[in-house]
Amino acid sequence: MRPKPEKGESFIGYVVRLTELNGYDTPSWILSLCGIDYMELRWKFTFVFSLSDKLRNLAELTENPITNLTSLLYLPTGSRERYGIEDEYNFNGAFLNRSIIRPHCPKICPKCLKESAYARRVWDCSLVTACPIHECKLIDVCPKCKSRIRCVRNRLSVCSCGCDWRETGAELLSQEELAVINSILKHTQYSKTGRRTFISFSRAIRKGKADSILVTASSVRPLQKNSVLFTNTCIET
Ligand SMILES: [Zn+2]
Ligand SMILES: [Zn+2]
């Protein structure tokens, strides 16, 4: 089966969906058919952050125009050559430091998956820890077996322990967290269409609204001190 990527789908999520629909045990079958190093994808993720010739193989295998697949990647913006600063990566139109984009640390919204079973790109951003559509926290640990959700898996919405995340209850945000999220949404003019969200999100960061975003992030999963400092440094530009 050769489904097309959904609008706003993550690259890894798409590969996992292909794996599941075709009944493979692991995404490595599809990736090795395309000449993509499975271990590279699993540990370094350079493939998601660069344009590789091998993407053409995946496009042929899945009968996609190459642009369908390049739009799933987070490509460097060339800021290193132009400004001599650390490379930023294009995240739905916003330019973010690579440390903020974390496809290797997946989070999911059970309710989004129940509505439509594909992994949203926005979940790859470490600052996004809640779903504004369902006003609930994203989960990164299986509620049943307490294992971290793995990015490379053979079923998109079901854990290896058998727990179907779509049927688990999502933890609603507290009034305090909801107020913070609503404050962010007000500044970011959240739209459900995706791209505009992150352009606005990026503007909000540049206007110094990042504090409330970090409060939200740290209230859900405390960030390490260094990562907060690093994040602040890179978003104050
Ligand atoms: Zn949701
Ligand atoms: Zn589990």
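Residues numbered from 1 in each chain as written. Chains lettered and ligands numbered in written order. Predicted model: local features only at pLDDT ≥ 70, side-chain atom pairs only at ≥ 80, totals over all residues.

(A) Highlighting the overall build of the protein chain. The secondary structure content of the protein chain amounts to eleven helices and four strands. Burial status across the protein chain gives 29% buried among its 237 residues. In the protein chain, the share of contacts with a sequence separation of at least 24, taken over all contacts with a separation of at least 6, comes to 56%. (Helix = DSSP H or I, 4+ residues; strand = E, 2+ residues; numbered from the N terminus. Buried ≥ 20, exposed ≤ 12 C-beta atoms within 10 Å, placed from the backbone. Contact = placed C-beta atoms within 7 Å.)

(B) Quick look at the confidence of the model for the protein chain. Of the residues in the protein chain, 72% have a pLDDT of 70 or more, and the chain-wide mean is 77. The element-level mean pLDDT for the protein chain is lowest in helix 11 (residues 225-235), coming to 32, with helix 7 (residues 110-115) highest at 96. When the criterion is pLDDT under 50, residues 187-197 qualifies, and its contacts beyond four places in sequence or with other chains add up to 18 contacts. (pLDDT = per-residue confidence, 0-100.)

(C) Structural context of the nonpolar core. V15, F91, I101, I108, C109 and C125 are the most contacted members of the largest nonpolar core, which has 35 residues in total. For this core, the elements supplying multiple residues, two or more each, are helix 1 (11-21), strand 1 (88-91), strand 2 (94-97), helix 7 and strand 3 (130-131). At six residues, the largest contribution of residues to this core is made by helix 1. Counting contributing residues per domain, this core is built from domain 1 (11-70) and domain 2 (100-220), each supplying no fewer than three. (Core = buried A, V, L, I, M, F, W, Y, C linked by C-beta atoms within 7 Å. Domains from an automatic or database assignment.)

(D) Representation of the pairing of strand 2 within the structure. Side chains of strand 2 alternate between two faces, with A94 and L96 buried and F95 and N97 left unburied. Relative to strand 2, strand 1 runs antiparallel, the two sharing four bridges. What sits directly across from Y89, in strand 2, is L96. The antiparallel hairpin formed by strand 1 and strand 2 contains two residues in its connecting segment, where N92 sits at a positive phi of about 55 degrees. (Pairing = 2+ DSSP bridges.)

(E) Inspection of the environment of H134 at higher detail. Tracing the chain through its elements places H134 in the loop between strand 3 and strand 4 (136-137). The sequence separation of H134 and K111 amounts to 23 residues, and the corresponding C-alpha distance is 7.1 Å. Excluding residues within four positions of it along the chain, H134 makes contact with C109, K111, C112 and A170.

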